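What follows is each chain in one-letter form.
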Amino acid sequence: MHIGPYSIAPALVLAPMAGVTDKPFRLLCKRLGAGYAVSEMTTSDPRLWKTKKSLWRMDHRGEPDPVGVQIAGGDPRYLADAARFNVDHGAQIIDINMGCPAKKVCNVWAGSALLQDEALVGRILEAVVSAVDVPVTLKIRTGWSREHVNGLQVARIAEASGIAALAVHGRTRDQHYTGDAEYATIAAIKQAVGIPVMANGDITDPRKALAVLRATGVDGLMIGRAAQGRPWIFREISHYLATGQALAPPSAGEVGAILHQHLEQLYAFYGEEAGVRIARKHLGWYAKDRPENADFRAVVNRAETAAEQLDCADRYFQALASATTPQLPLSA
């Protein structure tokens, strides 16, 4: 799959997720097989570009090419300015968010709320494409509601506006993340446009990835929630698509080593206090479905220092690696 001049190989993309796809997580997923990763959405409001959160989100030093940055908002001029600002700060691909279902985003006429106004969609896309000399991509849902499925019309507008690639989540906004994603609309979009299309939604394992590719004929797959606590899902899917064989799941020892490195990167990027706080959700995801995970989360969430948090995580996964039941509490 190509996005402008960039070859995305494998054609497996880490979906932008607010509060999740920060720089440490993007780097980890790329190391474990993602062909491309998109940043958390950054606001188009220039008054917020200098906040600590925005500065973290706009830090792309040391990231491998291509660097993709998602922007969100509802004003064509602000979004064009945000695109220029992010390109000046290292973005090589700009992605526009028209897929977020969160109420606080939709209430300010951004994210998937924009799907209600196709004329505004066109103005935004044309403004952003005209503002920068890098590829511009778009993330959408199949529509605003089950009674208003207009993903096909929006896809045609996107292609006509110069969008370089399109990612489609197989749910409407009113579904949020409930029920099952549907892929018929994505297949229809792929047939209707000539730009690369990525399918998103409920791609949870290699066999599902192959089924979605066959059902839709898309150029690439975008994976979001399934990568939380499982960043190695990209190498698993890539291997299965290439060989038809399933990789053995990582051992508890390897998972512990991956987590250890992830935690260290979080502390280095955010500083100890914020890093410890941000790490808590990741720790819960890594331990999900493992023995004594509830007790582990209760203990590790009380850790106040990086050393305590690392020690607790290391001891937990070392116990799993030795095939023993973790003895809790694990804190010193």
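You'll find the structure just up there.
Every residue gets a number counted from 1 within its own chain, in the order that chain's sequence is written. Given that this is a predicted model, residues contribute local features only at a pLDDT of at least 70 and side-chain atom pairs are listed and counted only at 80 or more, while totals for whole chains, interfaces and linings are drawn from all residues. Here the side-chain values reflect all heavy atoms present in the structure, with hydrogen atoms and water set aside.

Visitor: In this structure, what is going on with the overall build of the chain? I would like to understand it.
Guide: For the chain, the count of helices and strands is 13 helices and 10 strands. Taking 2.2 N^0.38 as the reference for a compact globule, 332 residues should give roughly 20 Å; the C-alpha atoms of the chain span a radius of gyration of 20 Å, in line with that estimate. Summarising its shape, the C-alpha atoms of the chain cover approximately 60 × 45 × 35 Å along the three principal directions. Within the span of the chain, comprising 332 residues, buried residues form 56% of the whole. Residues count as neighbours in contact if any of their non-hydrogen atoms are within 4.5 Å of one another. Considering only contacts in the chain between residues 6 or more positions apart, those separated by 24 or more positions represent 68%. Summed over all atoms, the accessible surface of the chain reaches about 14,000 Å², with 51% contributed by carbon and sulfur. Strands here are runs of E lasting at least two residues and helices are runs of H or I lasting at least four, both read from the DSSP assignment and numbered beginning at the N terminus. Our radius of gyration is a C-alpha quantity, and the globule rule it is checked against amounts to 2.2 Å times the number of residues to the power 0.38. Working definition: with a 1.4 Å probe on protein chains only, accessible area under 20% of the residue-type maximum means buried, over 50% means exposed, and in between means partly exposed. Only the protein chains shown count as covering a residue, and every accessible area follows the Shrake-Rupley method with a 1.4 Å probe.

Visitor: What is the right way to read the pattern of salt bridges from this model?
Guide: Any two side chains of opposite charge can pair, so long as their charged atoms come close to each other. The salt bridge criterion pairs a side-chain nitrogen of Lys or Arg with a carboxyl oxygen of Asp or Glu, the two atoms within 4 Å. Enumeration according to the criterion identifies 12 salt bridges in this entry. Here Arg-26 and Glu-63 are joined by a salt bridge, their closest N and O atoms 2.6 Å apart. Here the residue Arg-26 occupies a position in helix H1 (residues 23-31), and Glu-63 occupies one in the loop between helix H2 (52-57) and strand E5 (68-72), the gap between them amounting to 37 residues. Considered together, Arg-26 and Glu-63 belong to a single accessibility category, that of buried residues. Between Arg-235 and Glu-254 there is a salt bridge whose closest N-O contact spans 2.7 Å.

Visitor: Is there a simple way to explain helix H10 (residues 252-270) in this structure?
Guide: Each full turn of the α-helix corresponds to 3.6 residues, which orients residues three or four apart in the same direction. Each residue after the first adds 1.5 Å to the expected span of a helix. Between its first and last C-alpha atoms H10 spans 27 Å; for 19 residues at 1.5 Å apiece the expected length is 27 Å, and the two agree. Within the sequence span of H10, burial applies to Ala-252, Val-255, Gly-256, Ile-258, Leu-259, His-262, Leu-263, Leu-266, Tyr-267, Phe-269 and Tyr-270. Contacts from the buried residues of H10 go to H1, H2, helix H11 (272-287) and helix H13 (306-321). With its phi angle positive at about 90°, Gly-271 sits one or two positions after the end of H10.

Visitor: So what exactly am I meant to see when it comes to the sheet that holds strand E3 (residues 12-14) here?
Guide: Strands in a sheet are paired, the pairing made by backbone hydrogen bonds, and the direction either parallel or antiparallel. Only when DSSP finds a minimum of two bridges between them are two strands counted as paired. The eight strands are arranged E3-E4-E5-E6-E7-E8-E9-E10 in a closed barrel whose pairing can be described as parallel. Strand-to-strand, the axes of this sheet are offset by a mean angle of 30°, without reference to chain direction. Bridge count between strand E7 (residues 136-143) and strand E8 (residues 165-172): six bridges; the pairing is parallel. By the bridge assignment for E8, Thr-137 is matched with Ala-165. Contacting E3 and strand E10 (220-223), helix H9 (residues 233-243) runs over the sheet at an angle of about 170° to E3. In this description, a line fitted to the C-alpha atoms serves as the axis of each element, helices being fitted only across the stretch in contact, and the angle between N-to-C directions of two axes falls anywhere from 0 to 180 degrees.

Visitor: Teacher, can you tell me more about the environment of Ala-11 here?
Guide: Position of Ala-11 among the secondary structure elements: in the loop between strand E2 (6-7) and E3. The spatial distance from the C-alpha of Ala-11 to the C-alpha of Ala-34 is 7.9 Å, given a sequence separation of 23 residues. In contact with Ala-11, other than residues within four places in its own chain, are Met-1, Asp-219, Gly-220 and Leu-221.

Visitor: Whenever I open this one, a negative patch on the surface confuses me. Can you help?
Guide: For patch detection, residues must exceed 30% relative accessible area and be free of salt bridges, and they are connected within 9 Å for like charges or within 5 Å for nonpolar side chains (Val, Leu, Ile, Met, Phe, Trp, Tyr). For the purpose of charge, His is not counted, nor are the chain termini; Lys and Arg are scored as positive and Asp and Glu as negative. Charge positions are represented by NZ for Lys, CZ for Arg, CG for Asp and CD for Glu. Together, Glu-272, Glu-273, Glu-304 and Glu-308 give the surface a local cluster of negative charge. In this structure, Glu-308 sits in helix H13. For Glu-308, a relative accessible area of 42% translates into the label partly exposed.

Visitor: Would you mind going over the packing of aromatic side chains with me for this structure?
Guide: The description of an aromatic ring pair uses the distance of the two centres, along with the angle that the planes make with each other. Stacked, tilted and edge-to-face pairs are distinguished by plane angle, under 30 degrees for stacked and over 60 for edge-to-face with tilted covering the rest, among Phe, Tyr and Trp rings (Trp via its six-membered ring) whose centres lie within 6.5 Å. This structure, assessed with the given rule, holds four aromatic pairs. Judged by centre distance (5.1 Å) and plane angle (85°), the ring pair of Tyr-316 and Phe-317 falls under edge-to-face. This pair shows no difference in class: Tyr-316 is buried, exactly as Phe-317 is. Site record: aromatic cluster; members linked through ring pairs are Phe-296, Tyr-316 and Phe-317. Between the NZ or CZ atom of Arg-141 and the centre of the ring of Tyr-177, over which it lies, the distance is 4.9 Å. Only Lys NZ and Arg CZ are tested; either one counts as a charge over a ring when it is within 6 Å of the ring centre and within 35 degrees of the ring normal.

Visitor: Quick question: what am I supposed to make of the pairing of E10 here?
Guide: Working note: regular strand, side chains alternate between the two faces of the sheet. Of the two faces of E10, the one lined by Gly-220 and Met-222 and the one lined by Leu-221 and Ile-223 are each fully buried. Of the strand pairs in this sheet, strand E9 (residues 197-200) and E10 are connected by three bridges, and their pairing is parallel. By the bridge assignment, Met-198 is partnered in E10 with Gly-220. Look down the strands so they point away from you; if the path from the first strand over the helix to the second goes clockwise, the crossover is right-handed. The parallel pair E9 and E10 is bridged by helix H8 (residues 206-216), and the resulting crossover is right-handed.

Visitor: Is there a simple way to explain the pairing of E8 in this structure?
Guide: Across the eight residues of E8, eight count as buried, placing the element largely inside the fold. Following the chain from E7 across helix H6 (residues 151-161) to the adjacent parallel E8, one finds a crossover that is right-handed. For the crossover from E8 across helix H7 (residues 184-192) to E9, the handedness is right-handed.

Visitor: It is not clear to me how the environment of Tyr-316 should be interpreted in this structure. Could you clarify?
Guide: Mapped onto the secondary structure, Tyr-316 falls in helix H13. Using a relative accessible area of 0% as the deciding quantity, one classes Tyr-316 as buried. Sequence separation of Tyr-316 and Lys-52 is 264 residues, and the distance between their C-alpha atoms is 33 Å.

Worth remembering: the numbers are spatial, not functional.
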